[in-house]
Structure formats: structure tokens, C-alpha cells
Amino acid sequence: MIIKRVKGDTFNLDIQIINDTGDAIDLTGATVFFTVKRNLQDTDSQALISKTITSHSSPSTGETSITFTSTDVDYVGDFYYDVKIKDSGNKITSVFTDKFILVDHVTIRTS
């Protein structure tokens, strides 16, 4: 799933995490990691965006929300992201990976 947003916009990204057969993954007690990097070879400490989510909007149906501030997305370009979950048994699974695109804004004024 390609994510495309405008630089500097504040937004929530609502996602549902499902398994290979299309069933929701129960996020009760799970941690979701969301990471954006310029290059796939960058270390985690070089990530542009790094989010750790432990409170989910509907854990039993695999739904969670990731909040982005204007500072989080103060870049322009095509980047890489992934979403990983660590379940209550500390098993880590990659669930999404794709492009994270931030385009420049047209309107800069706020009033």
C-alpha cells in the first residue's frame, strides 16, 4: 500500500493488520512499529520517522492508528516504510512495506 501525503500536513493513518488468509490479527498486548527511511540500507537510528504504537483503536479486529505531526512529515520525496508487529509473545512479523511519498504543498499560508 503506497502512502502519499502532503509535506507538513497533520494526519492519522488508520490501518487494519491482517494475515495471509485475510483474517484480522489480534493486536491485544502487541506493539506496532512504523518506520520511514530514505534508503533501505539506513539504520533504524537514521530513520526519518519512527513510531511505536501500543494502544490500538480496536485491537481484537487488528485496527490501529498512527498519528503524524507536521514535524514528522517535514520532507519531500519518495521514501520507504514498513510496519512490523511484536506480539505478546515477542514474535516480530513484518506486515506492510512499500513507498511513503511526501509531496510539496501548494498553499503555505495558515490564515
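The rules behind each value
- Starting from 1, residues in each chain are numbered consecutively following that chain's sequence as written.
- In keeping with the predicted nature of the model, local features appear solely for residues at pLDDT of at least 70, side-chain atom pairs appear and are counted solely at 80 or more, and the whole-chain, interface and lining totals rest on all residues.
- Computation of side-chain values: all heavy atoms of the structure, hydrogens and water removed.
- Here, strands pair whenever DSSP counts at least two bridges between them.
- Numbering goes from the N terminus for both helices and strands, where a helix is a DSSP run of H or I of at least four residues and a strand is a run of E of at least two.
- Where helices are involved, their axes are fitted lines through C-alpha atoms of the stretch in contact, as for all axes, and angles between N-to-C directions lie from 0 to 180°.
- Only heavy atoms enter the contact rule, under which two residues are in contact if any of them lie within 4.5 Å.
- Only protein chains enter the accessibility calculation, which uses a 1.4 Å probe; a residue whose area is less than 20% of its type maximum is buried, one above 50% is exposed, and one in between is partly exposed.
- Under the rule applied, a polar contact is a pair of N or O atoms within 3.5 Å (in protein, one hydrogen donor and one hydrogen acceptor; residues adjacent in sequence only if both atoms are side-chain atoms).
- Both site types are read off a 1 Å grid over the protein atoms alone. A 1.4 Å probe that fits but cannot get out defines a cavity, while an open set with protein on both sides within 12 Å along at least five of seven lines defines a pocket; lining residues have an atom within 4 Å of a point.
- Grid points are joined across faces, edges and corners, and a volume is the space filled by probe spheres set on the points.
- Three classes are used, and their members are as follows: Ala, Val, Leu, Ile, Met, Phe, Trp, Tyr, Cys and Pro are nonpolar, Asp, Glu, Lys and Arg are charged, and the others, Gly among them, are polar.

Across the sheet, which stays open at both edges, the five strands sit in the order S1-S7-S6-S3-S4 with mixed pairing between neighbours. Each edge of the open sheet carries a strand with a single partner, namely strand S1 (3-6) and strand S4 (49-53). For this sheet, the mean inter-axis angle between neighbouring strands, taken without regard to orientation, is 20°. By the bridge criterion, seven bridges tie strand S3 (residues 31-37) to strand S6 (residues 77-86) in an arrangement that is antiparallel. Along S6, the bridge assignment pairs Val32 with Ile85.

Attention now moves to the pairing of strand S7 (residues 92-103). Relative to S7, S1 runs parallel, the two sharing four bridges. Looking at S7, one finds that Arg5 is bridged to Leu102. Direction of pairing for S6 relative to S7: antiparallel, over a ladder of 10 bridges. Residue pairing in the sheet places Tyr81 in a bridge with Asp98 of S7. A loop of five residues connects S6 with S7, the two strands running antiparallel in sequence, and Asn90 in this loop sits at a positive phi of about 70°.

What follows deals with the environment of Ala30. By the element assignment, Ala30 lies in the loop between strand S2 (11-16) and S3. Between the C-alpha atom of Ala30 and that of Gln16, which follows or precedes it by 14 residues, the distance is 13 Å. In contact with Ala30, other than residues within four places in its own chain, are Ile53, Thr54, His56, Lys86 and Asp87.

Among the secondary structure elements, Ile101 is positioned in strand S7. A relative accessible area of 16% places Ile101 in the buried class. Spatially, the C-alpha atom of Ile101 lies 6.1 Å from that of Ile3, the residues being 98 residues apart in sequence. In contact with Ile101, not counting residues within four places along its chain, are Ile2, Ile3, Lys4, Arg5, Gly77 and Asp78.

Note on placement: Thr64 falls in strand S5 (residues 63-68). Side-chain polar atoms of Thr64 contact the side chain of His56, separated by 2.8 Å. In contact with Thr64, not counting residues within four places along its chain, are Leu13, Asp14, Ile15, Leu27, Val32, Ile53, Ser55, His56 and Ser57.

Time to look at the layout of surface pockets. In this structure, the largest pocket encloses a volume near 230 Å³. As for the largest pocket, its lining consists of 13 residues, and the residues nearest its centre are Thr35, Lys37, Asp44, Asp82 and Lys84. Contributing elements (two or more residues each) for the lining of the largest pocket: S3, S6 and S7. Looking at the lining of the largest pocket residue by residue, the class counts come to six nonpolar, three polar and four charged.

Distances and angles like these do not, on their own, reveal function.
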